[in-house]
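Here are the chains, one letter per residue:
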Amino acid sequence: MTRLKVSDRLSPNHGPRPEPARIDMLVLHYTGMKTAAAALERLCDPASRVSAHYVVEENGAIWRLVPDSRRAFHAGVSCWEGESDLNSVSIGIEIVNPGHEWGYHRFPEAQMASVEQLCQHLLSRHPIPPYRVVGHSDIAPERKSDPGELFDWAGLARAGIGIWPPEGAPVRDFVVDPGQPLDDLAAIGYCIGAGPQAAALVAFQRRFRPACCDGGLDAGTARRLSEVRAAFAASRAARGRTCYSSRSSVC
Ligand SMILES: [Zn+2]
């Protein structure tokens, strides 16, 4: 691996992680602003009260805004595996892209190469399991859609980052059980709670079935849910975890 080149542009927006400090989650975002400069300015503006640990520009430049040891303000109201306050346990990476509001487009190769290198570096430093590498929309499906359906999760998984099982052949006779998606989404880690199931289903599709993110439960999505659920279960089992939350009945 080539040496990671990171420049500092420190943000005042951070606080202490609660003791005992734990860093076992990686949250990927897009900036959703017109330019990288505007995003960096906002993430470093004390009045904005938002930040991330790292920003990756489209040309691959990596900025460090907050030291890993500190709690950055990137996740907001969010939940994964039944756990909230994810800022306390996560590292947040903001990936420069205008986002759905300002002209969402593919993430350039140089940028993805840097994202990959940075993630690998972080996974080597912190005990972050594959099933806790997530997108912002995974942990806040009702509010967020980043990093979105154009983000190359499959490529990252090929580099050992996160989970993205290969997609099976086109579905013909997969039987869709309307009660199954909620169960599958919860087993993967999505918090359904009182929120509408459709938001979590769209978040799932953006991440794992990017060709179709309309919130509809077609046979392809139903089958993809079962594939992803099995991959997450296998990953947890490999780490010796069968239940992910004492508050959850999902095992
Ligand atoms: Zn975000």
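Throughout what follows, the structure given in this document is the object of discussion. (Residues numbered from 1 in each chain as written. Predicted model: local features only at pLDDT ≥ 70, side-chain atom pairs only at ≥ 80, totals over all residues. Heavy atoms only, no water.)

1. As for the coordination of the zinc ion
Surrounding the zinc ion are the protein donor atoms H29 (ND1), H136 (ND1) and D146 (OD), at 2.1 to 2.2 Å. One chain supplies every donor for the zinc ion, spaced along it as H-x106-H-x9-D. Of this pair, H29 sits in strand β3 (residues 25-30) while H136 is found in helix α4 (residues 136-139), placing the two residues 107 residues apart along the sequence. Both residues of the pair, H29 and H136, belong to the buried class. (Donors = N, O, S within 2.8 Å, 3.2 Å for Na, K, Ca; no water. Helix = DSSP H or I, 4+ residues; strand = E, 2+ residues; numbered from the N terminus. Buried < 20%, exposed > 50% of the residue type's maximum accessible area, 1.4 Å probe, protein only.)

2. Here we look at the packing of aromatic side chains
According to the stated counting rule, one finds seven aromatic pairs in the structure shown. Ring centres of Y104 and F107 lie 6.1 Å apart, and the angle between their planes is 80°; this geometry places the pair in the edge-to-face category. With respect to burial, Y104 and F107 carry one shared label: buried. Ring centres of F204 and F208 lie 5.3 Å apart, and the angle between their planes is 35°; this geometry places the pair in the tilted category. Pair noted here: F204 and F208 are both in helix α7 (residues 197-208), with a separation of four residues, about one helical turn. (Phe/Tyr/Trp six-rings, centres within 6.5 Å; stacked < 30°, edge-to-face > 60°.)

3. A few points about the nonpolar core
Core analysis: the biggest nonpolar cluster contains 48 residues, and L26, L28, W80, I93, F151 and Y190 have the highest contact counts within it. Those residues in contact with W80, other than ones at most four positions away along the chain, are M25, L86, Y131, R132, V134, D138, I139, I188, G189, Y190, C191 and F232. Grouped together as the second largest cluster of nonpolar side chains are nine residues, A36, L43, C44 and A72 included. (Core = buried A, V, L, I, M, F, W, Y, C linked by side-chain atoms within 4.5 Å. Contact = heavy atoms within 4.5 Å.)

4. Examining the sheet that holds strand β4 (residues 54-56)
Pairing is mixed across the open sheet formed by six strands, whose spatial order is β1-β5-β4-β7-β3-β8. Of all strands in the sheet, those bounded by a partner on one side alone are β1 (6-8) and β8 (133-135). Between one strand axis and the next, the sheet turns through 25° on average, direction left out of account. For β3 and β8, the ladder comprises three bridges, and the chain directions are parallel. Across the sheet, residue L26 finds its bridge partner in β8, namely V133. (Pairing = 2+ DSSP bridges. Axes fitted to C-alpha atoms, helices over the stretch in contact; angles between N-to-C directions.)

5. A short note on the state of the cysteines
Between two cysteines, a covalent bond joining their sulfur atoms is known as a disulfide. Summed over all chains, the structure comprises one disulfide. Note on cysteine connectivity: C79 is disulfide-linked to C191, with sulfurs 1.9 Å apart. Torsion about the S-S bond of the C79 and C191 cystine: about -70°, corresponding to left-handed handedness. On the criterion of sequence distance, the pair formed by C79 in the loop between β6 (70-72) and β7 (90-95) and C191 in the loop between α6 (180-188) and α7 is long-range, its members being 112 residues apart. Unpaired in terms of disulfides, C44 finds its nearest cysteine sulfur in C119, a separation of 20 Å. (Disulfide = S-S within 2.5 Å.)

6. Observations regarding the pattern of salt bridges
Taken as a whole, this structure holds 16 salt bridges when the rule is applied. As a salt-bridge pair, R71 and D85 come within 2.8 Å of each other at their nearest N and O atoms. Pair noted here: R71 is in strand β6 and D85 is in the loop between β6 and β7, with a separation of 14 residues, a long-range link. Measuring nitrogen to oxygen at the nearest pair gives 2.7 Å for the salt bridge that ties R224 to E227. One end of the pair, R224, and the other, E227, are both in helix α8 (residues 219-238), three residues apart, so they sit about a helical turn from each other. (Salt bridge = Lys/Arg side-chain N within 4 Å of Asp/Glu carboxyl O.)

Functional significance is not addressed by these values, which are geometric in nature.
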